[in-house]
Each structure stands twice: as C-alpha cells, then as structure tokens.
Amino acid sequence: MVEAKVKVFRKSTKDPKAHLDVFHVDVRPAQTVLDVLHSVLYEKDPTLSFRRSCRSAICGSCAMRINGRSRLACNTQALELVERDGHLLIEPLKNLRVVKDLAVDMSGFWKPLKAVKPSLIEPKDPPKVSKPIPGREFDNLKIVGDCIMCSACLSECTVKEVDSSYLGPAALAKAYRFVGDPRDAATKSRLELYSRHGGIWDCDTCLMCNEVCPMGVKPLDAILRMREAAIEHGLVDNSGARHALAFAATVERTGRLNEARTAIGSLGSGFFAPGNLSITARAFLKGKRPRLTSHRLKGHKDVMRLIEIVKAPRRSP
Amino acid sequence: MAVKRDVLVIGAGLAGMRAALEAKARGAQVTVLSKVHPVRSHSGAAQGGINAAIRPEDNWENHWFDVVKGSDYLCDQDAAEILCKEAAENIYELDRMGCLWTRDEKGNIAQRPFGGQGYARTCYIADMTGHFIQHTLYEQMIKNDIEVFEEWYAVSLVTANGHCTGAVALSILEGRLEYFQAKATILATGGYARTYRTTSNAIANTGDGVAMAFRAGAPLEDMEFMQFHPTGLYGVGILVTEGARGEGAYLLNGQGERFMKRYAPEKMELAPRDITSRAIQTEIDEGRGIDGKPCVHLDLRHLGEKRILERLPQITSLAKSFVGVDPVKAPIPIQPTAHYSMGGVATDIDGQSPMPGLFAAGECACVSVHGANRLGGNSLLETVVYGRRAGRAAAAFSKKATAADGGDETLRREEAFISGLLKREAGESVARLRTELGDTMTAKVGIFRNGPDMAAAVQKIRELKKRYSGILVGNGDRVFNVALIEALELGSLLDVAECIAIGAVTRTESRGAHSRRDHLTRDDANWLKHSRFRKQGDEVALEYRPVRITKFPPQERKY
C-alpha cells in the first residue's frame, strides 16, 4: 500500500474558481483510479462530483483526464501511474463545459452525434435477414460499433479545441458506422452531409483520437475511409477534397509536394478572395514564396510506383 | 410545472427504449426518464448473446421447454411461451434496425451454445451483444425523436385512487424536483444485485424502480430468487460471459480437475447457472479453490489466440485490466457473483402490474419468464419481447385513461425529505451502511442459505433501516450531488433487500437459485407457487399466487 498524493480538479457554482484539491489516499495494488475517487468521496470529501456506473469499461461514463491524458477511470490502474509520476492528477475532459468538478456537460458530445443522422436508412423492401457483410467491411463496422461514447477522443481533439463547429472524432466514427454499412440506402447523401464544414475534411489527422480511445475504435481511420469514399462518389466540390486531389496531382507530376499549386487547387476560385489574397501577400512579403514550378524529383519513378500501388483496386485480405 | 405525457418510461436500457419506441409507434406521446444517459445503461454490459430458435433444426417449443425446466418449473408457462415464440421476429427486427450480428461460415446469423439448452441458439456479436443492441435502439430513439430526460433520477411514483399517475424525479444536474404526469408509467429500471457485496452489476443497479413500486403499493414477486453468475472476475465480480464456456472454456479447480463432471456429467460447463455456481462454491468451500483462495479457474487457452480475440475480445481485455491475466496465456481466476434479479414488479404478459397505470418490463419486472433460475441469453430476449409488449399495452391503456392529478403532495413530501438530507450536519455514513448490507446479503442470503442465517439477515436489514433514518449526506450542494443520489439509492437497496431476505427465509425448499442447506429438495406440494410482497405499513406482507402450468408438468430437474 502506498500513500498517494491525489490532485483533483474542483469547480462548482459555490466555488466557481477552478482549482486543485490535494488528498492523501492509501492506494493498494490492483486499485483503479475510480477506486481512488471513491475513497475520496466516501472518506475525505462527500462534495466531490464525477460520473461512473458499470466500472467495467463498457458504459463510457467515467472518462476523465488522468495524469494529462483522457481515459477511463475504471480500468486505469492507480498504482502504476503513482509510481511513474509520483502522484495522480485528475481533471475533467477537455472541450466540454464543466458542470461540477469532474462532471462535464455532455450535451456538447451528444449534439454532433445526433447531427450525423446516426441510424440505418433501410432500403425500400428489406429482406427478412440482411445479407452478410464481407469480412473486412464487417470488421471495420464492428470496430466503430465498439465505441462507448466516453468522449475521450473529443477531449483530446486538436481541431475541436479551436473550432467548436467540428463534429469531432466519435460522431464521425458513428457516421462511418452507416457509410460503411452496405445495408444503408443513403451512402451518397450521408457523404455529402459529412463533406460540409465541420465534417470529414476538417480533421487535421493529428492521431490523438486513435491514440486515446479506450476501445480501439480508431476514429481517424474511419474519417480517412470516408474521405476516400467521398471522392469516389465524386463529392469533390469542397476545399478538403480539392486539397487532397491537388496535393496528389502535384506529387504525381514531380514526385514532391508543390505548395503553391496545392493552395491554388484547394481553394479554386476562392484563392482570389480578398482574405486569401491578403494572406498570400503577407506571406510573400515575409519571404514565403513557394514556386509554381518545381523540378521533377530524381526518384520520381519510384514515387510513381508507390502511387500506382495506392491507386490499385483493393483486395480483401 | 408538471410535464404531462401519455406514457412515461423510467429507465432507458433495452427494455425501456424498446417500450418507448413501441409506445410512440402506436401514437402515444412518450417521455423517457433515466438516471444515466441511455447508452450508459447496464444492458450494454450483457456480453454473451440473445436466444432465439431460428434454425430449421431447432424450434421455439424446444426453447420453451428449456426455459421451463431451467426455471425449475416456477416460471409461468404462458409467459415463457410468448418469450420463445416471439424471439425470432425480434432478432430479425434488430437486424433491420441495423444491429450487427456475428455470422457463421455460411453467412447465417451465428449461434453459440449456452447453459441448460438443448441447442446452440444464442445469437451474438462477439462478446458485446448487449452493447450493440443498446446502441442500435438508441439510434432508433434519435431517429424517432423520442424525448429523453437524461440524468433524471425518479424518486417516487405518484398515485391517485390506487392508480399510478406518473412519477416525481430529481434532476441530477440541477437538483430540482419535477412531477412527470402520465396516464401510463412503465418501469424499466433493471435489477438490484447491488444489494450484494460481490456483484457483476453496475453501481447504478440499485433496484430503484422495484422499490418505488413497492412503496407505492404495487406487489413484487419472487424476490428471493437472485441469480449468481458462475464466472465473475475474482475479487471484483465483473462479468465473464457464459459465452466463454459456450465457446468451449473449461472450469478447473485447484487440482486442475474439470470438476463439473461430478455435478452435471452431461452438460459439464454448460449446466444452468444455478447448478454451476453451486458447484464452484462447493469446490471453494471444500478446499479445492486456487491456492486456498475463494476462486477457481476458467481456462480458455485451448481455444487458441485467434478464436479468443475474435469471439471474446471484451473479456480478454477485462481480464487483463482487472486481474492482470491474459486469457490467451493463463487461466482466469473467477468466483460466482450476484448477477440477475429473477424477481421484480409483478406483471401480466402485457407488462401490466396489478396497479392500474403501472407497467414494468425487463429485469425489474417479474412476468414470470425465468421462475427460479434464468437461462443465459434470455435476459436480453426478455427486454425486447416484453419491452415491446409493455410499450404496446401502455399506449393502449393511455388512450382510455384520463390522467388524474395528485403530484403536488408527493412533490412536497420528496422535497422535504431531500432538503432534510441536504441540511443534516451529523449522522452515519451511507457507504458504511451499504457495506454492511452487502456483506450481510452475500454472507447470509447467498448461494447456499439456511434458516438461522437468513433470519439474522432480516434482523440486520431492519436495524440498517432504522439507522438509515439518520444518515449523513455531507454535501449540501444541489448540483450533481453524487452523495445525495447514493443516499437515495441506499433507501431502494434496503427495501429490496428486506423483501429478498423475507422471501428466502419463508420459502422452506430448494428451487433453482434458492438453495437451502436446511431444506435440500424442491417441494412442489407446498411451494410450487410465486411469492408476492406487498408493503403494509412498515411491514412486508407475503401472499402467494399459483404458477400457470399450460404444457409441461413438473419433473425432477437433471442435467
């Protein structure tokens, strides 16, 4: 047993200034961070607020930031972190408003989830039992279906941090649950919806969602698959898709990225909008002057071989 | 300002959501209250699967017989018949809603064998079946725009002239009480295995709906029948699915012996849960646990890594997280864990309680389809079959009923009680009382029972109820007051536990999960009947009701 220093984020209507309370809690081996929070609640401070229910990593209630990373309190071994960092630091999820202490306002999570129209749109005359979904497609759906909606991904999302209109990783993973489902009768209109501002093209592929997900859902992978599907469906009239295509085209041409052409290709006629022109002008004055032409890379042949592999039709494993 | 609706559903797990969807589809105005967000409900923790006879070689009548025999002949056979007959269409309906099912090599919905059944008829998706159905139903809730009051904790039913007219609930986020007036109220609040110390249940499974119904004067039924799941993770009680044994896992004692051959030579590890839990407990009690500890081993290793990771990914990760064991490489230490409440609010086959306007569905109800022992894979099935039936019946009832008023008095009473708790400055700890209750139930009303222990448990629970009147919350804040909710939940647990213990000490026989050392055999002459519990002042009054036997005459139960 170790006496651990446990720092807990506190905020309430009575005490609206956010601060850390420090508790000294005896932590035994095999105890989880949730056990530690219960020790605080039952033995030290009955005014502490946090969510939890199943304590077996399936209900998704108890996601919070523990020693700097969003994860479930119920399946996080406390002693391991105490031994690694010398303390426990327990804070609420980011990118959601704090209601009290560790309890956040989850409506910021549920609203974008509902916005992706998260239910199967049936074909007109569905068969009694649907056709089986082939192996890899099924596995991709099963993985996003594993999501317990704990909001750990949204908490760590670097886009959500700067753009509140972004749907976020969990909602987009849920969107893929239907885009990738061959039973769904609205794939194209879904992809149109998700290609709008705040959707699949706004992800900056920072990988944090894949990194922190306690269920291995890999929201980023789902987002990238939807980008491919959107382009395959010809949904290219948006800066995200144009950027991807322009990026690929410049690499194909010379073997390397041409930033100037990519920027013009991404923005289309929007490149000449006054706001963008002024940015370009300022960049130019600061010495950032990407060239419109570039030499073909020495290893261009090898690059082309890679591109051909990527473009080849996929085979199921 | 009261919220007025045709149908109020309390609880948003599988039964509650299925009931709400059905009531709305039938034209009723529906509101759902839940103390946790719908996807946080404990139905999502159900792992192994859902039963339905969907193969040409199988049929629902075989399933029906297995349920009746599994129940130790205490279930109502007409109710069990409906459960089995309506099973297949509910599986197909979930498929059409978008639920994923694991398929076999031929592309058919895969089925695995579960305990006490003559055919492999448990449909599943890996070991996350409850989770996938729960999220599918939640998708339908969003699609059908069903109003949900999330994180509202129902504290009391409201009655007028013996009719249920809704409920008073507390907003957890805001701390204010509201009257939800309804022509029909459906309880779908789940089980109450949290009365026990070692349990597979979520912290939220405190039997609030069952306790509310009891306090309002509706009868409870068969409360003494608590299912102990054979395989809870050692020390924490977290569920390890029966699907593990369905896939072929062995139970081994400290001597490495597959001891089930001495208890159920034909079914072995796939004996029903009551028999398997007693076998494990006997091995432990007789000194054949693992290294002298109160656990045995569940060994999956011979299934191979590929199959374990494909079919049982969740329990693999739970075993790693909570007992530090990788089931691919080592056997999992397990012990029986309080799991499922066969008893609950007494209802008919449409989910209607004897109290007009009050319905119940799912684990909080006692229809009774499980009798003295539920078979694995039938709880998820009950939620959808009887959730739907309760939703339909409640919608029909609401068309005829006129909502009477009567909420003001309940509202005032509950407000006075809660503000009293919030203001109190000294008293006994809620956690201590709850621990004493759990220890008492596990030690004295557990897998093996006897008269003197259970009588002592009844006395202890009454003492705890007295002490409950002086408990301390210690937190006066109205916003997200976890300590307050736990205090209210303890009130539910105590009421429910008293019924369990009284029912158990009174029933002088052994049947299904109720196993007495001092009355070893089943006694059909005196006890082939349902227990009913009614609140009479501060006492629990017991009545009995005959079992409806429509096809299968009681026989000796052997596996």
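### What about the overall build of chain B?
Thought 1: In terms of regular secondary structure, chain B is built from 16 helices and 23 strands.
Thought 2: Radius of gyration (C-alpha) of chain B: 22 Å, near the 24 Å computed for a compact globule of 559 residues.
Thought 3: Each principal axis of the C-alpha atoms in chain B carries an extent, and together these give about 60 × 50 × 50 Å.
Thought 4: For chain B, buried positions account for 64% of its 559 residues.
Thought 5: Pairs at least 24 residues apart make up 75% of the contacts formed inside chain B by residues separated by at least 6 positions.

### Comments concerning the sheet that holds strand β12 (residues 250–252) of chain B
Residues and elements named next belong to chain B.
Thought 1: Read across the sheet, four strands follow the order β11-β14-β13-β12 without closing on themselves; strand pairing throughout is antiparallel. Because the sheet does not close on itself, it has two edges, and the strands there are β11 (226–233) and β12. Adjacent strand axes in the sheet meet at a mean angle of 45°, parallel and antiparallel pairs treated alike.
Thought 2: The strands that helix α8 (residues 273–285) touches are β11, β12, β13 (296–299) and β14 (332–341); relative to β11, the one it contacts most, it runs at about 60°.
Thought 3: Across the sheet, helix α10 (residues 313–323) lies against β11 and β14, angled at about 80° from β11, the strand it touches most.

### Examining the interface of chain A and chain B
Thought 1: Every contact between the two is made by 41 residues of chain A and, on the other side, 40 residues of chain B.
Thought 2: Counting only elements with at least two residues in the side of chain A that touches chain B, the list comes to α1 (33–44), β6 (98–100) and α4 (135–145) of chain A.
Thought 3: Broken down by element, the side of chain A that touches chain B gets its largest block of residues, three residues, from α4(A).
Thought 4: Taken together, the residues that form the side of chain A that touches chain B break down as 18 nonpolar, twelve polar and eleven charged.

### Quick word on the environment of B:Cys75
All names here are of chain B.
Thought 1: By the element assignment, Cys75 lies in the loop between α2 (60–70) and α3 (77–85).
Thought 2: In sequence terms Cys75 and Asn373 are 298 residues apart; their C-alpha atoms lie 8.8 Å from each other.
Thought 3: The residues contacting Cys75, other than those within four sequence positions of it, are Val67, Val68, Ala80, Ser368, Val369, His370 and Gly371.

### Examining the sheet that holds strand β3 (residues 63–66) of chain A
Residue and element names in this part refer to chain A.
Thought 1: The strand order across the open sheet formed by five strands is β2-β1-β5-β3-β4, and the pairing between neighbours is mixed. Taken across any chain shown, the strands that pair with only one partner, and hence form the sheet edges, are β2 (19–27) and β4 (69–72). The mean inter-strand angle of the sheet, taken between neighbouring strand axes irrespective of direction, is 35°.
Thought 2: Contacts between α1 and the sheet are confined to β1 (2–10), β2, β3 and β5 (88–91), with β2 contributing the most and set at about 100° to the helix.
Thought 3: On top of the sheet, helix α2 (residues 78–85) reaches β1, β2, β3 and β5; it is set at about 95° to β1, its chief contact.

### Focus: helix α1 (residues 14–25) of chain B
All names here are of chain B.
Thought 1: Under the 1.5 Å per step criterion, the end-to-end length of α1 is 16 Å for twelve residues, consistent within 8% with the ideal 16 Å.
Thought 2: Most of α1 is tucked away: eleven of the twelve residues are buried.
Thought 3: When α1 is considered as a whole, its buried residues turn out to be Leu14, Ala15, Gly16, Met17, Arg18, Ala19, Ala20, Leu21, Glu22, Ala23 and Lys24.
Thought 4: Among the structural elements, β1 (3–10), β2 (30–34), α5 (129–143), β9 (177–187) and α11 (378–400) are those in contact with the buried residues of α1.
Thought 5: Following α1 by one or two positions, Gly27 adopts a phi angle in the positive range, close to 90°.

### Examining unusual backbone geometry
Residues and elements named next belong to chain B.
Thought 1: Look at the link from Val367 to Ser368: it is a cis peptide, with omega at 10°.
Thought 2: Its place among the elements puts Ser368 in the loop between β17 (365–366) and α11.
Thought 3: One non-glycine residue, Glu151, lies in positive phi territory at about 60°.
Thought 4: Mapped onto the fold, Glu151 is located in the loop between β6 (147–150) and β7 (152–160).

### Considerations on the domain arrangement of chain B
Many descriptions give the size of an interface as the accessible area lost when the pieces come together.
All names here are of chain B.
Thought 1: Domain parsing of chain B yields domain 1 (231–335) and domain 2 (408–545).
Thought 2: For domain 1 versus domain 2, the separation of C-alpha centres amounts to 31 Å.
Thought 3: In this complex, domain 1 contributes four residues to the contact, which on the side of domain 2 involves five residues.
Thought 4: Taken together, the residues that form the side of domain 1 that touches domain 2 break down as no nonpolar, two polar and two charged.

### Some thoughts on the domain arrangement of chain A
Thought 1: For chain A, the assigned domains are domain 1 (2–104), domain 2 (107–232) and domain 3 (239–311).
Thought 2: Taking the mean C-alpha position of each, domain 1 of chain A and domain 3 of chain A sit 46 Å from one another.

### Looking at the environment of A:Ala18
Residue and element names in this part refer to chain A.
Thought 1: Tracing the backbone shows Ala18 in the loop between β1 and β2.
Thought 2: Each C-alpha atom, one on Ala18 and one on His197, is 33 Å from the other, the two residues being 179 residues apart in sequence.
Thought 3: For Ala18, the contacting residues outside a window of four places in its chain are Phe9 and Lys11.

### Digging into the packing of helix α14 (residues 451–468) of chain B against helix α15 (residues 482–506) of chain B
Residue and element names in this part refer to chain B.
Thought 1: Between α14 and α15, the least distance of the axes is 9 Å, while the angle of their chain directions is 155°. Our classification of the angle between α14 and α15 gives roughly antiparallel. When the axes of α14 and α15 are compared, the crossing they make is left-handed. Contacts between α14 and α15 involve Gly451, Met454, Ala455, Ala457, Val458, Ile461, Leu464, Lys465 and Tyr468 from the former and Leu490, Gly491, Leu494, Ala497, Glu498, Ala501, Ile502, Ala504 and Val505 from the latter.
Thought 2: A per-class count over the contact of α14 with α15 returns 14 nonpolar, two polar and two charged.

### Focus on helix α3 (residues 107–115) of chain A
All names here are of chain A.
Thought 1: All of the buried residues along α3 are Phe109, Pro112 and Leu113. In a view along the axis of α3, the buried residues occupy a sector of 105°, so they form one face of it. Seen from the buried face of α3, the exposed residues on the opposite side, beyond 90 degrees, are Ser107 and Lys111.
Thought 2: At the C-terminal side of α3, Lys117 shows a positive phi close to 55°.

### Digging into the nonpolar core
Residues and elements named next belong to chain B.
Thought 1: Formed by 268 residues in total, the largest nonpolar core has its most connected members in Val7, Ile186, Ala213, Val345, Ala394 and Ala501.
Thought 2: Ranked by residue count, the leading element in this core is α15, at 17 residues.
Thought 3: When near neighbours in sequence (up to four residues on either side) are disregarded, Ala394 contacts Val7, Ala19, Ala23, Ala184, Ile186 and Phe359.

### Some details on the environment of B:Gly377
All names here are of chain B.
Thought 1: Looking at the secondary structure, you find Gly377 in the loop between β17 and α11.
Thought 2: Taking the number of C-beta atoms within 10 Å as the measure of exposure, Gly377 has 30 and is therefore buried.
Thought 3: Taking C-alpha positions, Gly377 is 6.9 Å from Gly48, a pair spaced 329 residues apart along the chain.
Thought 4: Excluding residues within four positions of it along the chain, Gly377 makes contact with Gly48, Gly49, Ile50, Asn51, Phe114 and Thr122.

### Quick word on the packing of helix α6 (residues 208–216) of chain B against α15(B)
Each packed pair of helices is defined by two parameters, the angle between the axes and the distance between the axes.
Residues and elements named next belong to chain B.
Thought 1: Across the interface, α6 lies against α15 with an axial gap of 8 Å and an inter-helix angle of 70°. As summarised for this structure, α6 and α15 are arranged roughly perpendicular, according to the angle between their axes. Residues Asp208, Val210, Ala211, Phe214 and Arg215 of α6 lie in contact with α15, whose contacting residues are Glu489, Ser492, Asp495, Val496 and Cys499.
Thought 2: Residue composition of the contact of α6 with α15, grouped by class: five nonpolar, one polar and four charged.

About the thresholds
- Along each chain, numbering runs from 1 in the same order as the chain's sequence is written.
- To label them, take the chains in the order written and letter them from A, then take the ligands in the order written and number them from 1.
- A pLDDT threshold of at least 70 governs which residues receive local features in this predicted model, and a stricter bar of 80 or more applies before side-chain atom pairs are shown or counted, although totals over entire chains, interfaces and linings include all residues.
- Think of it this way: any DSSP run of H or I at least four residues long counts as a helix, any run of E at least two long counts as a strand, and we number them from the N terminus.
- Note on method: radius of gyration uses C-alpha positions; expected globular size equals 2.2 Å times residues raised to 0.38.
- For every residue, the other C-beta atoms within 10 Å of its own C-beta are counted; 20 or more classify it as buried, 12 or fewer as exposed, and values in between as partly exposed. C-beta atoms are placed from the backbone.
- Here, residues touch in the contact sense if the C-beta positions derived from the backbone fall within 7 Å of one another.
- Being paired, for any two strands, means DSSP has found at least two bridges between them.
- Throughout, an axis means a line fitted to C-alpha atoms (over the contacting stretch in the case of helices), and angles, computed between N-to-C directions, take values from 0 to 180 degrees.
- Basically, the charged four are Asp, Glu, Lys and Arg, the nonpolar ten are Ala, Val, Leu, Ile, Met, Phe, Trp, Tyr, Cys and Pro, and anything else, Gly included, counts as polar.
- By definition here, a helix of n residues has an expected span of 1.5 Å times n minus one.
- Note that the domain bounds were set by an automatic or database domain assignment.
- Relative orientations are named as follows: roughly parallel for angles under 35 degrees, roughly antiparallel for angles over 145 degrees, roughly perpendicular for angles from 65 to 115 degrees, and oblique for any other angle.
- Here is the rule for handedness: rotate from the far helix to the near one, and if that takes an anticlockwise turn smaller than a right angle the crossing is left-handed, while a clockwise turn gives right-handed.
- An arc is given here, and it is the one of the directions from the helix axis to the C-beta atoms.
- In this description, a nonpolar core means buried residues of the types Ala, Val, Leu, Ile, Met, Phe, Trp, Tyr and Cys, linked to one another by C-beta atoms lying within 7 Å.

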